[in-house]
Structure formats: structure tokens, C-alpha cells
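Read off the chains here:
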Amino acid sequence: MNETLEYRSPRDSDGHGTHTASIAAGRYVFPASTMGYAKGMAAGMAPKARLAVYKVCWNAGCYDSDILAAFDAAVADGVDVVSLSVGGVVVPYHLDVIAVGAFGASEAGVFVSASAGNGGPGGLTVTNVAPWVTTVGAGTIDRDFPADVMLGNGKVISGVSVYGGPGLTPGRLYPLVYAGSDGYSSSLCLEDSLDPKSVRGKIVVCDRGVNSRAAKGQVVKKAGGVGMILTNGPFDGEGLVADCHVLPATSVGAAGGDEIRRYISLASELRSPASATIIFKGTRVGIKPAPKVASFSARGPNPESPEILKPDVIAPGLNILAAWPNTVAPSGVPSDERRTEFNILSGTSMACPHVSGLAALLKAAHPDWSPAAIRSALITTAYTLDKRGGPILDESTGNVSSVFDYGAGHVHPEKAINPGLIYDISTYDYVDFLCNSNYTAHNIKVITRKGADCSGAKRAGHAGNLNYPSLSAVFQQYGREHMSTHFIRTVTNVGDPNSVYKLTIAPPPGTLVTVQPDTLAFRRLAQKLNFLVRVQTTAVKLSPGSSTVKSGSIVWSDGKHTVTSPLVVTMQQPL
């Protein structure tokens, strides 16, 4: 390790740790802003919580040994919550050090939240999928930083930016050039790929990918460009992330990028030079619709355990203002001399500590709750409608999003503190789940750090019978016409001592769902009652290797509390 670049202590030399820690537990600060954007009062989710930081990531990467040691140290230190804005690829749990460390923490009564990953919007991208971890995807908030592109032909293309330096001259149009006319590396504005002769004094269009978004701006600036327009590729869709650029710059969606490139090529055919400017509009609040699922947020289905719906929930993760160290530039570009106390970042790394802070608040309100109880409260009270009252949309496409995008929905802190019923899970239940997921006794021992007994697991039936608040059925269509499965669930009363919960079923289209009993009558607090869910479905026409997904819900309500479980049915046609 190079001690001139990083510290042999938990001190942050990168910015990521400061940002995520302050989201979870930052104290109230006024005034807070980044380069004049997002002005106001800043606070973490649990401002009075105490914070312990364990460094597991270095410039060379995040080591398995450090991750395990940090989990064990945190548990030994008596923490209540572990917040982990780190993730890798999905592997079986006994090979996944985060899953192993989190199992030990969960067994010790420590709630573990982890980021779902930023591999969206494609499917099967979600990481940190163990059922003893709360997996958090990212949603947008109703605040925006518009920075629009005005083209020489009068067209306006909306974009976003938190550039805070001297702007472009108002009312003046600048020559516009697409760096990609010189080849692949210049299209991405990679280091030393731009010819100063062709970009000097111009606004340069760069494609997203390979190097960081802010680094592209530095490349343009070094070559003499006066501004940059960063365009999404088809995969990024319309999801926009605001950055603290080193020169006047904005990010536009895939469709806007196509339109700008078309305008440039048409202008060159007509021999009339293309021109544009960027208009920075500051901070806008009250944006509708919100929340949306952030384009980058990793999506299900769960690649390792399809019967466990992941991500569990989404939380704010786009353009989040939080604390920043005074040794790191807000752009993260080494040559950037600017310093700021706050920075605006995006990622499931930012969403995860929102849930960690909420878990601390729930643990303070209910010291006797297990990690599974806290997760259950967050899942069963989450919402799936945006501020307009319509279904939550997917930022990347503008279409309605699905359970694989947001899990149970967006967290709802006020409701989670009083959920009525919880789905609790013990360490033994997780062991049964691993047995029924065909893990060997040896591999289970790697996860649980003690001998595993799978003899009782058959009583649990199948892996889907883990007492998880969401329900996911996967059917393989081996030429069978009719298929069915069942789930057994146990709920614990944490609402009113005498309460009667009635059932509402919204079956996934094309399925028959029955629940017995359809009424749960509780006589005391902490009383547990069981119910059985049967899901029946009929084969659908699918090409080999393809699948179809339908979702619905099971809702218990006593008139005061509403306890919602997502129900997902996947039909797969084997190859």
C-alpha cells in the first residue's frame, strides 16, 4: 500500500465511505450544498446513532479477509446494524465472503443491509442475494438538476448536471463536434484520444462507458474543448446521473444522444457547422413522477436462490447529497483542485445506508426485534405506487417497473415502525433453507461455522418455505399441463393484542391462489399463527430456455395495519 495515497486506518481517502456513513447516521447540518446545488438542511437517517467504521476496501480492491475480519470485529464490538455498500459477483453462499460474514452477524442479532449492485437495467444482475441479508436497490427522488442542451436548429434536449464553475457565455452557440468520428476510443473520450486541433473551443459529444464520466470531461478540457455532452448508450436507456464535472457539461439519455449525433451528421452534409450550448438551471424539486427505479439499479431474478425475491426493497439512490472528505475532489479526478464538504453521488451504495439508518431507528424502537423482523417490517410496509398514484416506473425505459426491479417496493419508514405482523426467521430456519437448496453438510458448515444437521429440513418441505415475507414460485414446464406448489408461513403479532386480520389476495394473472385460513385471530402480543398458501397454474406456450413472470400479492389487514407480501410466479421452459 502507498501511504502517501491512502491511510492505514479507517480514515477515508476515496470519499465513498464518508458519503455512505453520513447517509446512515450524519448529524443535522445547515446550510449544506454541493457547488451551490441541493441547498438545505442535511441529515442522515439516524442522526443520533453512533457510528463505527471498518475499512475493507483499498486502492487495490476489497479483500475477502478484510470483509470477514470487519464483520467479526463489528459483531464483537456490539453493533446493531452493518451497512455494506460493497458487492461482487453472485456465487454459491459458501464461496461468498459477504454471505458468510453476514450469516455470523445475523446469528448474533445484527441486521445486515447491502447494496443490490449497479449492474442494471438488465435482469439477473442483483448481488448480495443471501436471505439473511437485506438487499437494497436504488430509487430516484423528486429532486433534479436540469442542464439542457440547446442545438443550433433550436431543438432542446433535456439533461442533468451539477457543474458549478464558470458557465458558457449566455446566448452564445458554440461549435459542436462528435468525438466518435475519429474512432472508438475518441467516441468514449478516453485518455489522449482527442485531437486538440479538432476540439479546441468546441463542445464535444462523448459516449458513456469504460472511463469515469467526470474523467471524460477532464480529457475534453485537456484537449481544449469548452464543454461536453455525455450521451447514454442504448443499454443505459434514459437513466441520467448528475456529476460534478470539471468543465461545463451535461448528461443526456440515449434518445437525446441519437438526436444530437443525427443533427451533427446532417449539419456536416449540409456544410453548415453544427452548434450548441448548455443551459444550467440549478436545483428543481417536486419532480413527478417519483420515485422511479434508477436505471443502474441491479435487477432480479435472484441468480442463486430463485425462490427468494431480490432485491428486497428500494431506497433513495440517485443524486444523493452527503458528506465528503476535504482531501478528495468532488469529481474524483486527480487534477481537480476543487474541495467541498458535500458531494452528490448516485448508486445502490447510497440506497443501502438509507435502509441501514432506518434499521437502526427500528431497532431503537423495538430492541427485541431480530434482523429478520426488521427486514419483514420494511418489506411488508413498502409501497409500489409513485407520488401521482400510478405504479412506480423504470427510469431506463419509462415503462412500469416490476417486482424484480423494486422487490416489495420503496421503503416507508413511518409505516415500518408499526407493521402489525412480522415474518420472523431463526438461524435453524436458514440452515433448513440451505439443506433444501441442496448445499452439502460441509458447505453449510463453511457458512454457519458449525456442524449442520439436515435431517429435519425435509419437515420444512422446500427452500421456498423459508419464512420470508415475500413469496416466489418457480415452475419448470416439463410437458406438464397443471402445476402447483405450496408455501407455509408464520406471522407474529406485534400490533394490537386483540386483533383479527382478514385476507385479500391479488393472484398473479393466470394463477389460482388459495390461502388457509383466510382469517387470523390474535389474542395476545407475540402470538404466532400459521397459514398455508397454495399456488396453482397452467402451462403457457414458451420457447425453450425462455420464461415468463407474473406477480400479485397477499395482504393481511386488521383495518389499522396492512401487511403486504409480494407473490411472484415464474414459468420456465427448459432447454
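Predicted, not measured: the structure shown is a model, and the values here were computed from it.

Trainee: Describe the overall build of the chain, and please don't skip the residues or the numbers.
Mentor: Helices and strands together make up the secondary structure of the chain, namely 14 helices and 31 strands. Over its C-alpha trace the chain gives a radius of gyration of 25 Å, about what one expects of a compact globule, namely 25 Å for 575 residues. Taken over the C-alpha atoms alone, the chain extends approximately 75 × 55 × 45 Å along its principal axes. In the chain, which comprises 575 residues, the share counted as buried stands at 53%. The long-range share in the chain, meaning contacts at least 24 apart out of those at least 6 apart in sequence, stands at 71%. A total of about 24400 Å² of accessible surface is found on the chain, and carbon and sulfur atoms cover 54% of it. Positive and negative side-chain charges of the chain, numbering 49 and 45 respectively, have mean locations separated by a distance of 4 Å.

Trainee: Hey, could you go over the packing of aromatic side chains for me, with residue numbers and the actual values?
Mentor: Summed over the entire model, instances satisfying the criterion amount to ten aromatic pairs. Taking the centre distance of 5.0 Å and the plane angle of 85 degrees together, the rings of Phe103 and Trp132 count as edge-to-face. Separated by 29 residues along the polypeptide, Phe103 in helix 3 (residues 97-107) and Trp132 in the loop between strand 6 (111-115) and strand 7 (134-139) bring together distant segments of the chain. Both rings, one in Tyr163 and one in Phe280, keep their centres 5.5 Å apart while their planes meet at 45 degrees; by these two values the pair is tilted.

Trainee: Explain the sheet that holds strand 25 (residues 482-493) to me, and be specific about the residues and the numbers.
Mentor: Within the open sheet, the four strands sit side by side as 23-25-29-27. Their pairing is antiparallel. Among the strands making up the open sheet, the edge pair consists of strand 23 (421-422) and strand 27 (511-516). Two strands pair when backbone bridges link them, and strand 23 and strand 25 are joined in this way by two bridges, in the antiparallel orientation. Bridging from a neighbouring strand, Ile422 pairs with Thr492 of strand 25.

Trainee: Kindly report on the nonpolar core, identifying the contributing residues and their values.
Mentor: Across soluble globular proteins, nonpolar side chains show a tendency to be buried alongside one another. Counting residues in hydrophobic clusters, the biggest one holds 69 residues, and the most contacted among them are Phe71, Tyr93, Trp132, Val355, Leu378, Leu434 and Ile447. Leaving out residues up to four positions away in the same chain, Ile447 has contacts with Tyr93, His94, Val100, Phe103, Trp132, Leu434 and Tyr439. Among the nonpolar cores identified, the runner-up in size contains 23 residues, and Met483, Leu520, Val533 and Ile554 belong to it.

Trainee: Lay out helix 3 in plain terms, naming residues and giving numbers.
Mentor: In terms of residue burial, helix 3 counts as a mostly covered element, since nine of its eleven residues are buried. For helix 3, the complete set of buried residues consists of Val97, Ile98, Ala99, Val100, Gly101, Ala102, Phe103, Ala105 and Ser106. Buried residues along helix 3 sit in contact with helix 2 (64-77), strand 5 (81-84), strand 6, helix 9 (371-380), helix 12 (427-436) and helix 13 (441-448). Where helix 3 starts, the residue carrying a side-chain oxygen 3.0 Å from the main-chain nitrogen of Ile98 turns out to be Asp96. Just downstream of helix 3 lies Gly109, where phi reads positive at about 85 degrees.

Trainee: How would you explain unusual backbone geometry if you had to name every residue and give the values?
Mentor: In this structure, the amide linkage connecting Lys288 to the following residue, Pro289, adopts the cis form with an omega of -5 degrees. Mapping Pro289 onto the fold places it in the loop between strand 17 (284-285) and strand 18 (292-293). Cis geometry is found at the peptide bond from Gly300 to Pro301, where omega equals 0 degrees. Structurally, Pro301 is set in the loop between strand 18 and strand 19 (313-316). The phi dihedral of Asn319 is positive, around 55 degrees, even though this residue is not glycine. Topologically, Asn319 is positioned in the loop between strand 19 and strand 20 (320-323).

Trainee: Before we move on, could you go through the pairing of strand 5 and cite the residues and values that matter?
Mentor: Bridging between strand 5 and strand 6 involves four bridges; their strand directions are parallel. What sits directly across from Val81, in strand 6, is Phe111. On the question of chirality, the crossover connecting strand 5 to the parallel strand 6 by way of helix 3 is right-handed.

Trainee: Residue-level account of helix 7 (residues 254-269), with values.
Mentor: With 16 residues, helix 7 extends 23 Å from end C-alpha to end C-alpha; this agrees with the ideal 22 Å at 1.5 Å per step. Those residues of helix 7 not exposed but buried are Ala254, Gly256, Gly257, Ile260, Tyr263, Ile264 and Ala267. Count one or two residues on from helix 7 and you reach Arg271, which has phi positive near 60 degrees.

Trainee: I'd like to hear about the state of the cysteines, residue by residue, with values.
Mentor: This structure, assessed with the given rule, holds three disulfides. Covalent S-S linkage joins Cys435 and Cys454, the inter-sulfur distance amounting to 1.9 Å. Negative torsions about the S-S bond denote left-handed disulfides, and the value of about -85 degrees found for Cys435 with Cys454 makes this one left-handed. Separated by 19 residues along the polypeptide, Cys435 in helix 12 and Cys454 in the loop between helix 13 and helix 14 (457-460) bring together distant segments of the chain. When the bonded cysteines of the chain are numbered from the N-terminus onward, they pair as 1-2, 3-4, 5-6. Cysteine Cys244 remains unbridged, with the sulfur of Cys206 as its closest cysteine sulfur at 18 Å. With a relative accessible area of 4%, Cys244 lands in the buried category. Sulfur of Cys352: no disulfide; nearest cysteine sulfur belongs to Cys57 and is 12 Å away.

Definitions and cut-offs
- Residues numbered from 1 in each chain as written.
- Predicted model: local features only at pLDDT ≥ 70, side-chain atom pairs only at ≥ 80, totals over all residues.
- Heavy atoms only, no water.
- Helix = DSSP H or I, 4+ residues; strand = E, 2+ residues; numbered from the N terminus.
- Rg over C-alpha atoms; globule rule 2.2 N^0.38 Å.
- Buried < 20%, exposed > 50% of the residue type's maximum accessible area, 1.4 Å probe, protein only.
- Contact = heavy atoms within 4.5 Å.
- Areas by Shrake-Rupley, 256 points an atom, 1.4 Å probe, with all protein chains shown as cover.
- Lys, Arg positive; Asp, Glu negative; His and termini not counted.
- Charge placed at Lys NZ, Arg CZ, Asp CG, Glu CD.
- Phe/Tyr/Trp six-rings, centres within 6.5 Å; stacked < 30°, edge-to-face > 60°.
- Pairing = 2+ DSSP bridges.
- Core = buried A, V, L, I, M, F, W, Y, C linked by side-chain atoms within 4.5 Å.
- Polar contact = N/O pair within 3.5 Å; in protein donor to acceptor, adjacent residues only side chain to side chain.
- Right-handed = clockwise from strand over helix to strand, strands pointing away.
- Expected span 1.5 Å × (residues − 1).
- Disulfide = S-S within 2.5 Å.

Keep in mind these values describe shape, not function.
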